[in-house]
Amino acid sequence: MAPPPPSGANSAVARDIANVLHPYTDLQAHQQVGPVVISHGKGVKVWDEAGKEYIESVAGLWCAALGFDNERLVQAATNQMRKLPFYHAFTAKSHEPMIDLAEMLIQRAPVPMSKVFFANSGSEANDSAIKMVWYLNNALGRHQKKKIIGRLKGYHGITIGSASLTGLPANHRSFDVPLPGFIHTMTPHFYHGALPGESEEDFATRCADELEKTILAEGPDTVAAMWAEPIMGAGGVILPPKGYFPKIQAVLRKYDVLMVADEVICGFWRTGNYWGSQTLDIQPDILVCAKALSSSFLPISAVMVNDKVFQGLASESHTIGTFGHGFTYSGHPVPAAVAIETLKIYDETKIGDHVKTVGPYLQSELRRIFGDHPLVGEVRGTGLIAGVELVKDKASHGNFDPAAKVGIRMTKLCEENGVIGRASMNDVICFSPPLIISKEEIDEMLKRMRKALDELTVQLRREQIAVVG
Ligand code: PMP
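This section reports on the structure supplied with the text. Since this is a predicted model, take the numbers as computed values, not measurements.

## Examining the packing of aromatic side chains
Step number 1: Scanning the entire structure with this criterion turns up 12 aromatic pairs.
Step number 2: Ring centres 5.3 Å apart and planes at 65 degrees place the aromatic pair Trp-269 and Tyr-274 in the edge-to-face group. Like Trp-269, the residue Tyr-274 is buried in the burial classification.
Step number 3: Of the aromatic side chains, those joined through ring pairs into one cluster are Phe-268, Trp-269, Tyr-274, Trp-275 and Tyr-346.
Step number 4: Sitting above the plane of the Phe-310 ring, Lys-115 keeps its charged end 4.5 Å from the centroid.

Below, the structure written as structure tokens:
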């Protein structure tokens, strides 16, 4: 039997409410509602303090690729802590874990890459890459060529630069970002964005045309780089239309604008290939990764740059005397050792082959179980990333009023039914389970979530938020 839930003034819940300022939480409501306190995990599951089991349908934050326990990663961290618990990479200091990891990433890169810079989070890696782009164009004497293009609904993090790149209202509103010089082009979402009668190819062409118009309106000699997630994650698992990235990259090449792939979610087999860039046909000049790099057992992120970018950084740093950028924990040996072990596990266990089996199964089961549901507008995804968009009107693809908080209510019902889920803007239920998930676990996860969706349907019908049969 599970122990009774802890309560009283000294409970974890009470101490959390008293002391913690939570990311991505209604801070005022939290004072009444309180946290779900997770105590431990195993495989694709975690348990809360009361002993309730949950399947993690999003691997935490799209990240715990090997699930919530792994003895090899524990050993890798422990061994490294004993040998060299910290060293830095400033002023030409180095250590084996950082060297090995950089080499492994270069060997695995989707296109020839030259060097790897390490940071601790996706946001820091994107901020670092933004600064590298500016530094590079200063090196090249292109002092005006500094503007950065992101996309509406793109997510690149929350530091000042990466939040400026992000194209989601909640990350801008009241934070005084985006900074000047950050531009957002259209979301390449066929389901919502296509014109009547438009084919996917035509829609992709229109996205590329809009990008070109934006570059021309801004002035090509003022635009430095474009950032894109191969598949948008936090914006609602949005897959671009067929042919999108080749068309986008043709425009970028025409105006000498760098392509930066944000692989923070898509990297390391999430989309069915090692990199999302391979699935979506992107040839990045700069590639940013994090999350599954260490299966999120410890924080680490990386920026890979091609030789053209590296040569510019090298010459400018030589002129100045130093590359004046880096974090105390850039390439920290303990997360680097865990990342090395993670990449070895991916190779040795052939996790890619596993994703190629369970990924299509997840996709077809999602379509079978949710496709015809009266609340479901679109089921989309590839590999082990997917989105199920709940809509008010299937015919017009109309979303619910955000005030109805339909997605949040769905995640609440999922939790009651034993699944920790995630809803993005527009009530998209996101799926990004640990890569180790089995078919049986997928079955159990979807059974619980289908029950939650049916309960939601009853609620919405009762409250006349949804008029469904
Ligand atoms: N880029 C992408 C594509 C992401 O999904 C995220 C986080 N979800 C980030 C950047 C930011 O990463 P972090 O939260 O580690 O700063």
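The rest of the description comes next.
## Things to note about the pairing of strand E5 (residues 147-151)
Step number 1: Buried residues dominate E5, accounting for four of its five residues.
Step number 2: In this structure, E5 lies alongside strand E7 (residues 223-228), joined through three bridges in parallel fashion. Note that in E7 the partner of Lys-147 across the bridge is Val-223.
Step number 3: Of the strand pairs in this sheet, E5 and strand E6 (residues 182-185) are connected by four bridges, and their pairing is parallel. Pairing of Arg-151 across the sheet is with Thr-185, part of E6.

## Here's the deal with the sheet that holds strand E12 (residues 385-390)
Step number 1: Spatial strand order, E11-E12-E15-E14: four strands in an open sheet with antiparallel pairing. The two strands at the open ends of the sheet, each matched to only one other strand, are strand E11 (376-382) and strand E14 (422-424). Going from strand to strand, the sheet's axes swing by 25 degrees on average, the running direction of each strand aside.
Step number 2: Across six bridges, the pairing between E11 and E12 is antiparallel. Counterpart to Thr-382 in the pairing with E12 is Ile-385.
Step number 3: Contacts from helix H15 (residues 351-370) reach E11, E12 and strand E15 (428-431), with the element oriented near 175 degrees to E11.

## Some words on H15
Step number 1: With 20 residues, H15 ought to run about 28 Å at 1.5 Å a step, and its terminal C-alpha atoms sit 27 Å apart, in line with that.
Step number 2: Regarding H15, the residues found buried are Ile-351, Gly-352, Val-355, Val-358, Gly-359, Leu-362, Gln-363, Glu-365, Leu-366, Ile-369 and Phe-370.
Step number 3: Contact partners of the buried residues in H15: helix H14 (333-348), E11, E12, E15 and helix H17 (439-462).

Rules used throughout
- Residues numbered from 1 in each chain as written.
- Predicted model: local features only at pLDDT ≥ 70, side-chain atom pairs only at ≥ 80, totals over all residues.
- Heavy atoms only, no water.
- Phe/Tyr/Trp six-rings, centres within 6.5 Å; stacked < 30°, edge-to-face > 60°.
- Buried < 20%, exposed > 50% of the residue type's maximum accessible area, 1.4 Å probe, protein only.
- Lys NZ or Arg CZ within 6 Å of the ring centre and 35° of its normal.
- Helix = DSSP H or I, 4+ residues; strand = E, 2+ residues; numbered from the N terminus.
- Pairing = 2+ DSSP bridges.
- Axes fitted to C-alpha atoms, helices over the stretch in contact; angles between N-to-C directions.
- Contact = heavy atoms within 4.5 Å.
- Expected span 1.5 Å × (residues − 1).

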